[in-house]
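Structural features, examined
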Amino acid sequence: DFVKGHYIPTISKFIIKELKPMAPAGAIFSSVVEMSKYLQLELNGGKLNNGEQFISEENLLYRRKPQTELNGTLGGDHYALGWITHKHKGLEHVK
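Presented here is a report on the structure given in the accompanying data block. Owing to the predicted nature of the structure, the values given are computational and were not obtained by experimental measurement. Residue indices follow the written sequence of each chain, beginning from 1 at its first position. Local features are withheld for residues below a pLDDT of 70 in this predicted model, meaning they are given only at 70 or higher, and side-chain atom pairs are given and counted only at 80 or more; totals for whole chains, interfaces and linings count all residues. Each side-chain value is worked out from all heavy atoms of the structure, with water and hydrogens disregarded.

Only DSSP runs of H or I reaching four residues or more are called helices, and only runs of E reaching two or more are called strands; each is numbered from the N terminus. Helix and strand content of the protein chain: three helices and four strands. Residues counted as buried form 16% of the 95 residues belonging to the protein chain. For the protein chain, contacts bridging at least 24 residues in sequence account for 14% of all contacts bridging at least 6. For the area figures, the Shrake-Rupley method with a 1.4 Å probe applies, and any residue is considered shielded solely by the protein chains shown. On the protein chain, roughly 7600 Å² of surface is accessible, and the fraction owed to carbon and sulfur atoms is 61%. Note on exposure labels: buried denotes an accessible area under 20% of the residue type's maximum, exposed denotes more than 50%, and partly exposed covers the range between, all computed with a 1.4 Å probe on protein chains only. Whether two residues touch is decided by their heavy atoms; if any such pair falls within 4.5 Å, the residues are in contact.

This brings us to helix 2 (residues 32-43). Note that an α-helix has 3.6 residues per turn; residues three or four places apart therefore point the same way. Expected helix span is given by 1.5 Å per residue-to-residue step, counting one fewer step than there are residues. With twelve residues, helix 2 extends 16 Å from end C-alpha to end C-alpha; this agrees with the ideal 16 Å at 1.5 Å per step. At the exit of helix 2 stands glycine 45, carrying a positive phi of roughly 65°.

Encoded structure:
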């Protein structure tokens, strides 16, 4: 079933056809299960649930380094390799 992260070609073809012009999230399509695993990887400093280091924490954090300032934003928002970063009162926010 698609919600559980299983690939169903007919649904995927429909989604790609209908949503491709909008290209959400850089045209990445995912399930809730896949996104929760991704979020766990982020929160675990690059480690999988079994404790294996999948990506170094240094590389994980590098992706959050501000790359491009976003024009027209208050407070200095930046694009950072898939993230939007913002500093507020000395704390870095990632969204």
